[in-house]
Amino acid sequence: MTRKRNFISEAKSSIIWWFLPVVILLTFFYLYPLFEVFRLSFTNTSFIEPEYSYTIRSYIRIFTSSSFYFTLKITVIYVAACIVGQLGIGQAIALLLDQGEKRRLRGTVLTRTIVLMGWVMPGVVTGIIWNMFLSSSPYGFVNYIIRSLGFNPIPFLHSSIFSLVTIIIANIWRGTAFSMILQYAGLKQIPQQLYEAAKVDGASSLQQYFYITLPQLRNVIFINLVLITVGTFNTFEMILSLTGGGPGISTEVLALRIYSAAFKSFDLSGGAGYAVILFAINLIMALTYFRLISKED
């Protein structure tokens, strides 16, 4: 018994020593910066004036600003559209690839490669590429074709509506691959015996999708929703290089507002306040999704 207790105590101590560097890294790179953001949001500090005092004026200024609610509305529209697009298109491609592999159709590898191209690119590069394609300047590829056909160029990046649609499409193109990979992996875990039994019972392809595929992908879809939501809420580098938040602030989502407040207006407390609000939104969304998953289980 004594040897067994000594072995258990030694194992516990070794585990603690193994996890200690991880705890230190998490504290230094995550917990401390998070604490600093919360702390600075309750000050009036800026990059211009290093001296500051503690106050809640930054939050009062944020919540009494009409531009904040406009940015929040744009962010909700942007995130909702991207979630629907990435989930829907990602699942459609995953189903096509799965059926293509089962029937040994050609082109599945090429399709997978093309879809993955958007995911592996950095957000800044994605924004620059879409800017080059949709710009109204002479180098804009799409508008060059439109002019060649005798039509007026479309202001993809200079109209508030077109710009919002543009950043939504660009982000869907960028994030669809991730959604496709998750759902494709989920499809591979579904037992084929379920489909064979459904065929014997005379179920159509549509009935198999609604009564077998979707229920089996439920947990994967929920996880996908969480990751897409958090990732899309935090997107700013692609929008920064594509539209810069313009024209005006028509495409300035909440993550980009943090960058603009801190590094363009040099309002460090305001940027921290927006960051805390974004953190709270992400936390609420994640907890909501996890609670839904636990209820379903």
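Everything discussed here concerns the structure shown above.
On a predicted model such as this, the values are computed, not experimentally measured, just so you know. (Residues numbered from 1 in each chain as written. Predicted model: local features only at pLDDT ≥ 70, side-chain atom pairs only at ≥ 80, totals over all residues. Heavy atoms only, no water.)

Observations concerning the overall build of the chain
From N to C terminus, the chain includes 13 helices and zero strands. Order of helices (α) and strands (β) in the chain, N terminus to C terminus: α-α-α-α-α-α-α-α-α-α-α-α-α. Classification of the 297 residues of the chain by burial places 38% in the buried group. Of all intrachain contacts in the chain linking residues separated by at least 6 positions in sequence, the fraction that spans at least 24 positions is 67%. Taken as a whole, the chain presents about 18100 Å² of accessible surface, with 70% of it coming from carbon and sulfur. (Helix = DSSP H or I, 4+ residues; strand = E, 2+ residues; numbered from the N terminus. Buried < 20%, exposed > 50% of the residue type's maximum accessible area, 1.4 Å probe, protein only. Contact = heavy atoms within 4.5 Å. Areas by Shrake-Rupley, 256 points an atom, 1.4 Å probe, with all protein chains shown as cover.)

Remarks on the side chain of S260
One can find S260 in helix α12 (residues 254-264). Owing to a relative accessible area of 11%, S260 belongs among the buried residues under this scheme. Filtering out sequence-adjacent residues up to four positions away, S260 remains in contact with E252 and S265.

A few points about the pattern of salt bridges
As a working rule, side chains carrying opposite charge can pair if their charged atoms are close by. The full count for this structure, using the stated rule, is five salt bridges. For the salt bridge of R61 with D267, the shortest nitrogen-to-oxygen distance reads 2.8 Å. You can see R61 sitting in helix α2 (residues 57-63) and its partner D267 sitting in the loop between α12 and α13 (268-296), a full 206 residues away along the chain. Between D98 and K188 there is a salt bridge, with the nearest N and O atoms lying 3.3 Å from each other. (Salt bridge = Lys/Arg side-chain N within 4 Å of Asp/Glu carboxyl O.)

Observations concerning the packing of aromatic side chains
Using the criterion set out here, one finds 14 aromatic pairs in the structure. Residues F156 and F162 carry aromatic rings whose centres are separated by 6.2 Å and whose planes lie at 80 degrees to one another, so their mutual orientation is edge-to-face. For F156, a relative accessible area of 15% gives the class buried. For F162, a relative accessible area of 38% gives the class partly exposed. Put simply, the rings of F42, Y59, F63, F68, Y69 and Y274 touch in pairs and so form one group of aromatic residues. (Phe/Tyr/Trp six-rings, centres within 6.5 Å; stacked < 30°, edge-to-face > 60°.)

A short note on unusual backbone geometry
The residue after G246, namely P247, is reached through a cis peptide bond having omega 0 degrees. Checked against the element boundaries, P247 lands in the loop between α11 (237-242) and α12. Backbone geometry places F266, a non-glycine residue, at a positive phi of 60 degrees. In this fold, F266 is placed in the loop between α12 and α13.

A few points about the nonpolar core
With 51 residues, the main nonpolar core has Y78, M180, L225, I239, L254 and Y274 as its most contacted residues. Broken down by secondary-structure element, the contributors of at least two residues to this core are α3 (66-102), α5 (123-134), α7 (160-188), α8 (192-200), α10 (218-233), α11, α12 and α13. The greatest single-element share of this core, amounting to 10 residues, is contributed by α3. Beyond its immediate chain neighbours, meaning those up to four positions away, Y274 contacts I62, F68, L254, R257, I258 and A261. (Core = buried A, V, L, I, M, F, W, Y, C linked by side-chain atoms within 4.5 Å.)

Re the packing of α5 against helix α6 (residues 141-148)
Between two packed helices, both the angle of their axes relative to each other and the distance between the axes serve to describe the pair. It is the contact of α5 with α6, at a shortest axis distance of 4 Å, that shows an interaxial angle of 10 degrees. Relative to α6, the element α5 lies roughly parallel. Where α5 abuts α6, its residues M132, F133 and L134 lie against F141, V142 and N143. (Axes fitted to C-alpha atoms, helices over the stretch in contact; angles between N-to-C directions. Parallel < 35°, antiparallel > 145°, perpendicular 65-115°, else oblique.)

Overview of the packing of α8 against helix α9 (residues 205-216)
α9 packs onto α8 with a crossing angle of 165 degrees between their chain directions and a minimal axis gap of 11 Å. Put simply, α8 runs roughly antiparallel to α9. When the axes of α8 and α9 are compared, the crossing they make is right-handed. Contacts from L194, Y195, A198 and K199 in α8 reach Q208, I212, T213 and Q216 in α9. (Left-handed = near helix turned anticlockwise from the far one by under 90°.)

Description of a nonpolar patch on the surface
Together, V22, L25, L26, F28, F29, Y30 and L31 make up an exposed nonpolar region whose accessible area comes to about 760 Å². Mapped onto the secondary structure, L25 falls in helix α1 (residues 2-41). Judged by relative accessible area, which is 48%, L25 ranks as partly exposed. (Patch = residues over 30% accessible without salt bridge, like charges linked within 9 Å, V, L, I, M, F, W, Y side chains within 5 Å.)

Brief notes about the environment of I281
Note on placement: I281 falls in helix α13. Linking I281 and V230, residues 51 residues apart in sequence, is a C-alpha distance of 9.0 Å. Sequence-distant contacts of I281, that is, excluding residues within four places in its chain, are made with L72, F233 and L254.

Side note on α9
For α9, which comprises 12 residues, the first-to-last C-alpha distance of 15 Å matches the rise-based estimate of 16 Å (1.5 Å per residue) to within 8%. The set of residues buried in α9 consists of Q208, I212 and T213. Relative to the axis of α9, the buried residues are bounded by an arc of 85 degrees and lie together on one face. Across from the buried face of α9, at angles greater than 90 degrees, the exposed residues are L206 and Y211. (Expected span 1.5 Å × (residues − 1). Arc of directions from axis to C-beta.)

Geometry only, nothing functional implied.
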